[in-house]
Amino acid sequence: MDFNDSPEEATYRAKVRTWLDANATLRDPDASKINMLDEAEGDLIAKAKAWQAHKTKEGWACLRWPKEFGGQDATTMESVIFGQEEGRYDIPPSIYGIGHGMLGPTIMAHGTDEQKERFLPSMVKGDEVWCQLFSEPDAGSDLAGLKTSAVKEGDDWVINGQKIWTTGAQFCKWGMLVARTDTNAAKHAGLTYFIVDMEDPGIDIRPIKQMNGASGFNEVFFTDVRTPDTNRLGAVGDGWRVAITTLMNERSSIGSGGGGGAGIKDLIKQAQDVEINGRPGIEDGGVRRKIADFAVRRSGLKYTGQRGLSALSQGQTPGPEASIGKLVAAIMGLEMGAFGMELQGAAGVLSGDDSLGDPTWQQTYMAMPGLRLAGGTDEILRNIISERVLGMPGEPRIDKGKPFKDIPSGTAR
Ligand SMILES: Cc1cc2nc3c(=O)[nH]c(=O)nc-3n(C[C@H](O)[C@H](O)[C@H](O)COP(=O)(O)OP(=O)(O)OC[C@H]3O[C@@H](n4cnc5c(N)ncnc54)[C@H](O)[C@@H]3O)c2cc1C
């Protein structure tokens, strides 16, 4: 295992830094690290689109994508290096993670030539943002249990139902939706995958207010929405296979981030800034032990992540690192947020405009529960690790092979 850049990687990193130095400003390390996107932040969306357009013009967008679709044919490591370096600069929060990381690769794998030509180059440029319409009130971890229906009428499909937790739907032009097209088929077999124009009549997007004040995701209702058959991605009834391509790309893109939020240095600074029993908090043995514990866990995460990167750099496919990384990082992030607030004492209960200290702790604390759910909950990740890594027996399945309409459910099929 070699965690250092190879000579070629070091040269590439230097080239990336030169470009970023000339085109962006280094981020203030003391600034809050969690960005809250919501529908009121149109300005932030405009800035994100402008940055993406600039990267496209200068040849730094969607590096790993093939040139024919607007990418740069770069290696995975080059793309990782660009992401690491870009994160050090003061750039708008990305609104393209889902499109570029998950949906674009799905179109590349399953789309017709016309679909690739129509959708991929504009997705790279970023003028059209994409969302993922998978989860429903009764179908999250058990995604194949979804009930939104699509019925063929002439050359169109008519879609009815409800999606939920749809990140960014309020500013997206396109969505990728999985719908049930056959209730007589078994659960996974009766699904079909569609590209949907989010401006079509019959689509009602309702932002959900989160506890941190932002509205990052939405409920999306479909009433007799007509989508042309030319927007079907993959064969009728093959939607689960297409969705798996999206989900595989989701796991690898979420897992590599290490959780975001505040770092150990922020915690040390917070402990230095407060007083405990008349002395700087950092001199308190209990505080020091706790920070040391976080630092040890953060190191474990760092090296687990680097093991994955090292495998990528050598052309191998990373194993379960992505699942382990997200599982540990999100739980630890929540604990660090709670400890940061505790160090602030009574002021720790204040957040947003009322905040008296560093607001990172409150934001971290409120963002982490979402990270523990998105892209696979803690329990689902533990199931994956136990079954696919440790080889333990799988969960009992009572629905296998049964027609979907015969599977017991609390609500109508
Ligand atoms: C920040 C955020 C962004 C999201 N963005 C999107 C998006 O853009 N598009 C989209 O389609 N979805 C999105 N989601 C939804 C996300 O995919 C689901 O929240 C996730 O799959 C869990 O589904 P659920 O919320 O329905 O919970 P459920 O599946 O109902 O789970 C409820 C609880 O039961 C546990 N559980 C469920 N099954 C098992 C099992 N087999 N064994 C043990 N425990 C189990 C879970 O771990 C959880 O604790 C987002 C979610 C979040 C939090």
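Remember, predicted model here, so these are calculated numbers, not experimental data. (Residues numbered from 1 in each chain as written. Predicted model: local features only at pLDDT ≥ 70, side-chain atom pairs only at ≥ 80, totals over all residues.)

1. As for the overall build of the chain
- Of regular secondary structure, the chain possesses 11 helices and 10 strands.
- For 413 residues, the compact-globule estimate of 2.2 N^0.38 gives 22 Å, and the chain sits close to it at 23 Å.
- In terms of overall dimensions, the chain has a C-alpha envelope of 75 × 50 × 45 Å along the principal axes.
- A buried classification covers 33% of the 413 residues belonging to the chain.
- Within the chain, counting contacts between residues at least 6 apart in sequence, those at least 24 apart form 72% of the total. (Helix = DSSP H or I, 4+ residues; strand = E, 2+ residues; numbered from the N terminus. Rg over C-alpha atoms; globule rule 2.2 N^0.38 Å. Buried ≥ 20, exposed ≤ 12 C-beta atoms within 10 Å, placed from the backbone. Contact = placed C-beta atoms within 7 Å.)

2. Here's the deal with the site of the ligand
- Surrounding the ligand, one finds 19 residues, the nearest of these being F134, G140, S141, T167 and T377.
- Elements that contribute at least two residues to the shell around the ligand include exactly β1 (130-133), β3 (156-167), α10 (360-373) and α11 (378-389).
- Split into classes, the residues belonging to the shell around the ligand amount to eight nonpolar, nine polar and two charged. (Near = placed C-beta within 6 Å. Nonpolar A, V, L, I, M, F, W, Y, C, P; charged D, E, K, R; others polar.)

3. Description of the pairing of strand β5 (residues 191-197)
- Counting buried residues along β5, six of its seven residues qualify, which places the element largely inside the surrounding structure.
- As defined by bridge partners, strand β4 (residues 174-180) adjoins β5 across seven bridges and the pair is classed as antiparallel. Following the sheet pairing, W174 is matched in β5 by D197.
- As paired strands, β5 and strand β8 (residues 232-233) are joined by two bridges and run antiparallel to one another. Looking across to β8, one finds that F194 is bridged to R232. (Pairing = 2+ DSSP bridges.)

4. A word on the environment of Q170
- Along the chain, Q170 turns up in the loop between β3 and β4.
- C-alpha of Q170 to C-alpha of N218: the two residues are 48 residues apart in sequence and 7.3 Å apart in space.

5. Topic: unusual backbone geometry
- Backbone geometry places D73, a non-glycine residue, at a positive phi of 55°.
- Mapped onto the elements of the fold, D73 is located in the loop between α2 (42-57) and α3 (76-86).
- A positive phi angle, near 50°, is found at D224, a position not held by glycine.
- Relative to the elements of secondary structure, D224 occurs in strand β7 (residues 217-228).
- Overall, the presence of 11 C-beta atoms within 10 Å leaves D224 in the exposed class.

6. Things to note about the packing of helix α7 (residues 264-273) against helix α8 (residues 285-313)
- The N-to-C vectors of α7 and α8 enclose an angle of 170°; their axes lie 10 Å apart at closest approach. Comparing the axis directions of α7 and α8 gives the class roughly antiparallel. Between α7 and α8, the contacting residues are I264, L267, I268 and A271 on the first element and V287, I291, F294, A295 and R298 on the second.
- Here the residues of the contact of α7 with α8 sort into eight nonpolar, no polar and one charged. (Axes fitted to C-alpha atoms, helices over the stretch in contact; angles between N-to-C directions. Parallel < 35°, antiparallel > 145°, perpendicular 65-115°, else oblique.)

7. Some details on the confidence of the model for the chain
- Averaged over all residues, the pLDDT of the chain equals 90, while 91% of them reach at least 70.
- Segment residues 255-260: pLDDT under 50, and 18 contacts once partners within four positions in sequence are set aside and those in other chains are kept. (pLDDT = per-residue confidence, 0-100.)

8. Concerning α3
- When α3 is considered as a whole, its buried residues turn out to be M77, I81 and F82. Taken end-on, α3 shows its buried residues confined to a sector of 140°, consistent with a single buried face.
- On the buried face of α3, the contacting elements are α1 (7-23) and α8. (Arc of directions from axis to C-beta.)

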